[in-house]
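Here are the chains, one letter per residue:
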Number of protein chains: 2
Amino acid sequence: MSNLYKEAGVDIDAGQRTVNLMKEAVRSTFTPAVLADVGSFGGLYALEGLPERPVLVASMDGVGTKVKLAAQLGRWEGIGADIVNHCVNDILVQGARPLFFLDYIASSRLVPEQVAAVVTSMAEACRAVGCALLGGETAEMPGVYTEGAFDVAGTVVGLVARAEILPRQAEMVAGDVLVGLPSSGPHTNGYSLIRRLIEGRDLEASFDETGRTLGEALLEPHRCYLAEVERLRAAAVPLKGLAHLTGGGFTDNIPRILPPHLVPEINEGSWEVPTLFQQLVAWGNIAPAEARRVFNMGIGMVLVLAEEEIEQALSLLPGAVRIGRLAERGE
Amino acid sequence: MSNLYKEAGVDIDAGQRTVNLMKEAVRSTFTPAVLADVGSFGGLYALEGLPERPVLVASMDGVGTKVKLAAQLGRWEGIGADIVNHCVNDILVQGARPLFFLDYIASSRLVPEQVAAVVTSMAEACRAVGCALLGGETAEMPGVYTEGAFDVAGTVVGLVARAEILPRQAEMVAGDVLVGLPSSGPHTNGYSLIRRLIEGRDLEASFDETGRTLGEALLEPHRCYLAEVERLRAAAVPLKGLAHLTGGGFTDNIPRILPPHLVPEINEGSWEVPTLFQQLVAWGNIAPAEARRVFNMGIGMVLVLAEEEIEQALSLLPGAVRIGRLAERGE
């Protein structure tokens, strides 16, 4: 048997070794709602204390070619947080808090220690937001993935009361303020282009004012904004909408949450574009409008708030910046 | 912009063309519970008519290297059904009916028509079980996937009342009967080995008694068993457990659902092993015990039922076969 599998290029023991390595990390995310242990056919999650008219919000996403950079640098430990935080932010913009997460990790050849590093990172990011790592799949697929490459995807499922779904487009009016929350880097977007821009550059050299290397700056995990949103909720600051600046960068994501009659008016100089983005733009000689469609340019999440809430909101959100306002289309 | 992306090997328009091609198929799966349209950050699913003590059951899985065979033969239309049915079966064994499904499709280069074929197949499989295709991600990842290869993964989320969770291990006793439901082929397991066994063979030649080619036989989609289980429920035939014969084949999956004191006793000659499996075993000169740990050998789902329910169960399930019983460990 194991010979047959070896001939076919599959290491049947790697799966079990991987499970053993990551079991404790996964269990550490379990809340009392989790009913089944690691290794069941499906993960079980008890729905208790439901709000009135509960709505599930689900999102599936991948880390994109940031995984290629992680593989190149042999640093897997941020990739798990990347996918969890990306997914959690995606349902946050609809008002949902995460319940549980499931992951998919595939490679031409599973290296248990690498998979365990990714899953441990996922587990930490899950624990930080009270989300159970309910299940997942690790797949060894010789011939599908290039040698040494791997892919990471995930699904998050969260919950929101129907009355609290975001965005609240009917409440948005011209003059509402756009507040930006800082990103930790390119998050999980633009990496096919980034990999091209950094070709031949030294990823291990100290890079910016923080002393990080270029590789470290590029692998900085996607930041999660749940804590900031919870802080506003706790203070009863009403949010009209949230836009997660992912694929489509700074430019394309804000309009997605606005009613058709409103457009964002961005005050371009209102925040400092981090060194990394300035550098990427310079290396690629990218026009500003183009850069804003690929990269988040230092802003990972945009909040829509009424003018009268701004003072309190900014006092609750260190690092948040007023970056623009909503205007009538054609105003 | 598009030049920059082209240089980086990314076709930014492919994503939008893909969305356009698959939008209608996806929408065709929407039930009244779906609140957000295609393209939202997250999919919204209203929970209504919940049972007492509702439990969500979730599973994420991939199609495995069957995708490689599909790519080789240029036939994508079964792969969507493969992943949906695989996932639906995985939560069925815990008693859950599917609510919604999310998909992940990644490739070195997205071919919109291929992605649309996969998603259309997913949508059909979802519609057949009343499951909404709530969201997904298509990712173009040059350098991660080998040229022409793609990967497909999915997550299903279903619902079960806590009192109806399967398996019911406390009710299982020695003498309970194991009933097998026929598989439609290897489903989604053993394909790394299969690809090795068919090297150099003619995939286009008529193969078995049905006149299918070898390629067609191997790409037959994973069968879904929800309808059979619903039929038993409708007739109030109490099921004690269900085992989905996936990775680990015939041998490893049945013990997963049994209490420690019981073991399955299989009557090896009780069902006819389909030609395809006989042929694969012959080509690989695989010992019977080994074959049963890789392949489902013609049985895709195993039911545990009390002896007194068997007559009615078999009358409700055409093609079902009594394949063994439970025995005390060490009996």
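Residues numbered from 1 in each chain as written. Chains lettered and ligands numbered in written order. Predicted model: local features only at pLDDT ≥ 70, side-chain atom pairs only at ≥ 80, totals over all residues. Heavy atoms only, no water.

A. Focus on the overall build of chain A. Looking only at helices and strands, one finds 12 helices and 10 strands in chain A. In terms of principal-axis extent, the alpha carbons of chain A reach across some 70 × 55 × 35 Å. By residue count, 58% of the 331 residues in chain A fall in the buried class. As displayed, chain A offers around 12,400 Å² of accessible surface, 49% of which is attributable to carbon and sulfur atoms. On chain A, the mean spot of the 27 positive side-chain charges and the mean spot of the 41 negative ones are 2 Å from each other. (Helix = DSSP H or I, 4+ residues; strand = E, 2+ residues; numbered from the N terminus. Buried < 20%, exposed > 50% of the residue type's maximum accessible area, 1.4 Å probe, protein only. Areas by Shrake-Rupley, 256 points an atom, 1.4 Å probe, with all protein chains shown as cover. Lys, Arg positive; Asp, Glu negative; His and termini not counted. Charge placed at Lys NZ, Arg CZ, Asp CG, Glu CD.)

B. Just the pairing of strand 4 (residues 132-140) of chain A, in detail. All names here are of chain A. By the bridge criterion, eight bridges tie strand 3 (residues 97-107) to strand 4 in an arrangement that is parallel. In the strand pairing of strand 4, D103 is matched with G136. Once you follow strand 3 into helix 5 (residues 112-128) and on to strand 4, the crossover reads as right-handed. (Pairing = 2+ DSSP bridges. Right-handed = clockwise from strand over helix to strand, strands pointing away.)

C. Spatial organisation of the environment of A227 of chain B. Residue and element names in this part refer to chain B. Along the chain, the position of A227 falls in helix 8 (residues 226-234). The class of A227 is partly exposed, set by a relative accessible area of 45%. Sequence separation between A227 and S270 is 43 residues; the distance between their C-alpha atoms is 24 Å.

D. Region of the structure containing the nonpolar core. Judged by nonpolar contacts, the single largest core of 238 residues is most densely connected at F100 of chain A together with F100 of chain B. Dropping the residues within four chain positions of it, F100 of chain A is found in contact with Y45, C131, A132, L134, T155, V156 and V157 of chain A together with L56, A58 and V157 of chain B. (Core = buried A, V, L, I, M, F, W, Y, C linked by side-chain atoms within 4.5 Å. Contact = heavy atoms within 4.5 Å.)

E. Expanded view of the confidence of the model for chain A. Averaged over all residues, the pLDDT of chain A is 91; the fraction at 70 or higher stands at 95%. As a predicted assembly, this complex carries a pTM of 0.94 together with an ipTM value of 0.93. (pLDDT = per-residue confidence, 0-100.)

F. Spatial organisation of the sheet that holds strand 7 (residues 241-244) of chain A. Residues and elements named next belong to chain A. In space, the five strands of this open sheet follow the order 7-9-6-10-8, with antiparallel pairing throughout. The strands lining the two open edges of the sheet, one partner per strand, are strand 7 and strand 8 (262-266). Recorded for the sheet is a direction-independent mean angle of 30° between the axes of neighbouring strands. With four bridges joining them, strand 7 and strand 9 (residues 299-305) adopt antiparallel strand pairing. Within the sheet, the bridge partner assigned to A243 lies in strand 9 and is V302. Sitting on the sheet, helix 4 (residues 79-92) touches strand 7 and strand 9, and the angle it makes with strand 7 is about 150°. (Axes fitted to C-alpha atoms, helices over the stretch in contact; angles between N-to-C directions.)

G. The arrangement of the side chain of D82 of chain A in detail. Residues and elements named next belong to chain A. Inspection of the secondary structure puts D82 in helix 4. Overall, D82 belongs to the buried group, its relative accessible area being 0%. If we ignore the near neighbours within four places in the chain, the residues touching D82 are V63, K66, H187, T188, L219, E220, P221 and H222.

H. Spatial organisation of the packing of helix 4 (residues 79-92) of chain B against helix 5 (residues 112-128) of chain B. Residue and element names in this part refer to chain B. In the contact formed by helix 4 and helix 5, the axes pass within 6 Å of each other and the chain directions differ by 40°. As the angle between them shows, helix 4 and helix 5 are arranged oblique. Relative to helix 5, helix 4 is oriented so that their crossing is right-handed. Residues I79, G80, A81, I83, V84 and N85 of helix 4 touch helix 5, and the partners they reach there are V118, S121, M122, A125 and C126. For the contact of helix 4 with helix 5, the per-class residue count stands at eight nonpolar, three polar and no charged. (Parallel < 35°, antiparallel > 145°, perpendicular 65-115°, else oblique. Left-handed = near helix turned anticlockwise from the far one by under 90°. Nonpolar A, V, L, I, M, F, W, Y, C, P; charged D, E, K, R; others polar.)

I. Structural context of the interface of chain A and chain B. Each partner contributes to the interface: chain A provides 74 residues, whereas chain B provides 74 residues. Each partner contributes to the roughly 6,000 Å² buried at the junction of chain A and chain B, and carbon and sulfur atoms together form 65% of this total. If you look at where chain A meets chain B, you find two salt bridges. Inspection of the chain A/chain B interface yields 20 residue pairs in polar contact (both at pLDDT 80 or more). Of the strand pairs in this sheet, strand 1 (residues 43-46) of chain A and strand 2 (residues 54-62) of chain B are connected by four bridges, and their pairing is antiparallel. Residue pairing for strand 2 of chain B: Y45 of chain A is matched across the bridge by L56 of chain B. (Buried area = accessible area lost by both parts, 1.4 Å probe. Salt bridge = Lys/Arg side-chain N within 4 Å of Asp/Glu carboxyl O. Polar contact = N/O pair within 3.5 Å; in protein donor to acceptor, adjacent residues only side chain to side chain.)

J. Fine view of the environment of G175 of chain A. Residue and element names in this part refer to chain A. Mapping G175 onto the fold places it in the loop between strand 5 (150-161) and strand 6 (177-182). The spatial distance from the C-alpha of G175 to the C-alpha of A291 is 26 Å, given a sequence separation of 116 residues. Setting aside residues up to four positions removed in sequence, G175 forms contacts with E307, R325 and L326.

K. How the structure looks around the packing of aromatic side chains. Residue and element names in this part refer to chain B. Going through the model one piece at a time under the given rule, you end up with nine aromatic pairs over all chains. Both rings, one in Y45 and one in F100, keep their centres 5.2 Å apart while their planes meet at 45°; by these two values the pair is tilted. Here the residue Y45 occupies a position in strand 1 (residues 43-46), and F100 occupies one in strand 3 (residues 97-107), the gap between them amounting to 55 residues. This pair shows no difference in class: Y45 is buried, exactly as F100 is. Taking 5.9 Å as the distance between ring centres and 55° as the angle between the ring planes, the aromatic pair formed by F277 and F295 counts as tilted. Of this pair, F277 sits in helix 10 (residues 275-284) while F295 sits in the loop between helix 11 (288-294) and strand 9 (299-305), and the two are 18 residues apart along the sequence. Classification of F277 by relative accessible area gives buried; the value is 1%. (Phe/Tyr/Trp six-rings, centres within 6.5 Å; stacked < 30°, edge-to-face > 60°.)

L. Quick look at empty space enclosed by the protein. Residue and element names in this part refer to chain B. Under the defined criterion, the tally for this structure stands at one cavity of 30 Å³ or more. Computed from the structure, the largest cavity encloses a volume of approximately 70 Å³. Lining the largest cavity we find W76, I105, S107, R109, L110, V111, Q114, V115, V118 and F150. Of all the secondary structure elements, the ones that give two or more residues to the lining of the largest cavity are strand 3 and helix 5. Sorting elements by how many residues they give to the lining of the largest cavity places helix 5 first, with three residues. Of the residues in the lining of the largest cavity, the class split is seven nonpolar, two polar and one charged. (1 Å grid on protein atoms, 1.4 Å probe; cavity = no way out; pocket = protein on both sides within 12 Å on 5 of 7 lines; lining within 4 Å. Points joined across faces, edges and corners; volume = space filled by probe spheres on them.)

M. View of the relation of the copies chain A and chain B. You can overlay chain A on chain B at an RMSD of 0.0 Å; the transform is a turn of 180° with a shift of 0.0 Å along its axis. The two molecules are tied by a two-fold rotation axis, judged by turn and shift. If distances are taken from each C-alpha of chain A to the rotation axis, the shortest is found for Y145 of chain A, at 2.2 Å. An overlap of 100% is found between the interface residues of chain A and their copies at the interface of chain B, pointing to a shared contact surface. (Least-squares fit on C-alpha atoms with pLDDT ≥ 70 in both.)

N. Inspection of unusual backbone geometry at higher detail. Residue P167 of chain A is reached from L166 of chain A by a cis peptide bond, and omega for that bond is -5°. Its location among the elements puts P167 of chain A in the loop between strand 5 and strand 6. Here A236 of chain B, not a glycine, exhibits a phi torsion of approximately 55°, which is positive. Relative to the assigned elements, A236 of chain B resides in the loop between helix 8 and strand 7 (241-244). A residue is classified by how much of its surface remains accessible, and A236 of chain B, at 63% relative accessible area, is exposed.

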